[in-house]
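Survey of secondary and tertiary structure
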Amino acid sequence: MTETTQPKETKAQKIERLKREKNPWEAFNEVREFARLGRSSVVPEWASAYFKWWGVYTQGDGVGAVGGKGGEGLATEYFMMRIGIPNGIVRADQLRVIADITRKHARNLADITVRQNIQLHWLTIESLPEIVDALDAIGLSPKGACGDVVRNVTGCPLAGVAHDEILDASSLAVAVAHELTANPDFYNLPRKFKISISGCPVWCNYPEINDVALTGVRRGNEVGYSLRVGGGLSNEPHLAVRLDAFIQPEQALDVVRRVAEVFRDQQGLRESRDRARLKYLFMREGWTAESFLRELELRLGYKLDPGVEEHAPEDILRDHAGIHSQKQAGLSYVGASVLRGRLTGDQLAAAADLAERYASGELRATIMQNLIFINVPTENAAELAGEIEKIGLHVEGSTFWRGAIACTGTEFCKLAITETKGFARWLVEELEERVPHFDEQLKLHVTGCPNGCGQHWIADIGLEGKKIKHEGKMVDAYYFCVGGAVGKYAAVARPVGYRVPATEVPSALERLLRTYLSERRPHENLRAYFGRHSSDEIRDRLSGIPLEAVERDVPAGRVPHGVAE
């Protein structure tokens, strides 16, 4: 008898099998047992998959993807955790608990992420149950911050206080988070599912890059939402598709749930982890705005009203830094710019204290990795701003400080190729010194690998981490993309064929920005300037000399042109 060989299980097949076998949200007692027995007791299924449903990843060894195999680096004994904060709304007492956790368990290090989470590192297996219990006691959780589930629901951090908001959508964002996060109906999605809901007119929550997004609109005397689906970045960016629908507030929760069900039920998306996002229905499966709306209405059981005119925001700053008046008389909000989102537990605790001492004890995290103090009596705002500066944050930072975004990088992430957080700080300091007279907003995003967690595809200047051979050694390098935007001029950034070692990035940006300042037309911003120059022209300005374009990824056995060996 001939023995038949079973085909090897693919990565997608393995994770689909694991999800069928267990809902991790119902199995936290297993984590408690791991904590009792120690790190060596953690089984591979939890380390590689199930932990993510609890917002937990194994932490990398500082080398990143190149130190492992199959595009993933080696794991250490430690873990990283994201704490979900729906709509970025956090009270001072909650922030103080996070600060205590950070100091006790995370080596006094925390990051605000681009989805309004707070991320911790250096966690031991023994600490995980204690941390989860402490968060549960204050109404927060890491559940859903990672995994093939609904991720943290983002929204406008000025909900309820902005003068110009169309409607306060924060209660809806929180309701959607409570409805869909840790809901057993949605524990097994094809992959992650990102939701953003906002009633503000400036779209500071970036609806264009979410799987489903609601944005506030007016219809005569009524208010409601526009609906977008299928946005996402990663290695193949796709801006969300707007459906021809006006969503009434009382319909909104149902609509979001049904869109999530559409995604959940697409079995074809489960065949490849690289093609498992909602956007691929439009990019590869032939879906259109019309066919998606038909499927959605079929699941809703009713027709949605036709969409209404929408006014996409112009090029405006969306970081909320500085002192600004609220719609409530006598109150202001104070936005603290947090460079690359990194804070110590001491700073988190100090921020909680300041929010209670000078305001109502309410704060908001933003997707630009910042922290906002709201409901500040206007007479206290200037003094609060001074105290914020004393703890190492900026209320009025430079354009480079305010616009810098950085992902986790090789410091902790197993998928990253380059170190990002320290690089971003150094880059900002270099540009502040080299181009001190640069006077415009600049979204400068650093991402450590093609997965794009640093959102380089929607930045004025996006830097994507690479490795190249330079002077006989493999070193961190960055590939340049320009002209990304959200709002009225929404566009995916354009790769310009330029790649240099990380150490040469400040010089390249100095050349580009100085040339822009000397060549710009009256009232021309950086986005428009990039728009009227070819990739070759932008590359020449970055390099200072004509230079042949290079591929985004180095072909095997080759060294990219224009880089010294």
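Since the structure is predicted, the reported quantities are computational estimates derived from the model, not experimental observations. (Residues numbered from 1 in each chain as written. Predicted model: local features only at pLDDT ≥ 70, side-chain atom pairs only at ≥ 80, totals over all residues. Heavy atoms only, no water.)

**A word on the packing of aromatic side chains**
In this structure the tally under the stated criterion is 18 aromatic pairs. For the ring pair Tyr78 and Trp122, a centre distance of 5.2 Å and an interplane angle of 75 degrees mean the geometry is edge-to-face. On the criterion of sequence distance, the pair formed by Tyr78 in strand β2 (residues 75-83) and Trp122 in strand β5 (residues 118-123) is long-range, its members being 44 residues apart. Among the residues examined, Tyr78 registers a relative accessible area of 18% and is labelled buried. Note on Trp122: relative accessible area 25%, which makes it partly exposed. Taking the centre distance of 5.3 Å and the plane angle of 20 degrees together, the rings of Phe193 and Phe263 count as stacked. With Phe193 in the loop between α6 (170-180) and β7 (195-198) and Phe263 in helix α7 (residues 252-264), this residue pair connects regions lying 70 residues apart in the sequence. Exposure remark for Phe193: the relative accessible area of 0% places this residue in the buried category. Put simply, the rings of Phe34, Trp46, Tyr50, Phe51 and Phe79 touch in pairs and so form one group of aromatic residues. Between Arg107 and the ring centre of Trp122, over which it is positioned, the NZ or CZ distance is 3.8 Å. Cation over ring: Arg527 sits above Tyr489, and NZ or CZ is 3.6 Å from the ring centre. (Phe/Tyr/Trp six-rings, centres within 6.5 Å; stacked < 30°, edge-to-face > 60°. Helix = DSSP H or I, 4+ residues; strand = E, 2+ residues; numbered from the N terminus. Buried < 20%, exposed > 50% of the residue type's maximum accessible area, 1.4 Å probe, protein only. Lys NZ or Arg CZ within 6 Å of the ring centre and 35° of its normal.)

**A short note on the packing of α6 against α7**
Contact pair α6 / α7: the axes reach a minimum separation of 10 Å and the direction vectors enclose 40 degrees. Overall, the two elements α6 and α7 adopt an arrangement that is oblique. Between α6 and α7 lies a crossing of right-handed hand. Residues Leu172, Ala175, Val176, Glu179 and Leu180 of α6 lie in contact with α7, whose contacting residues are Ala252, Leu253, Val256, Arg257 and Ala260. Considering only residue class, the contact of α6 with α7 consists of eight nonpolar, no polar and two charged. (Axes fitted to C-alpha atoms, helices over the stretch in contact; angles between N-to-C directions. Parallel < 35°, antiparallel > 145°, perpendicular 65-115°, else oblique. Left-handed = near helix turned anticlockwise from the far one by under 90°. Contact = heavy atoms within 4.5 Å. Nonpolar A, V, L, I, M, F, W, Y, C, P; charged D, E, K, R; others polar.)

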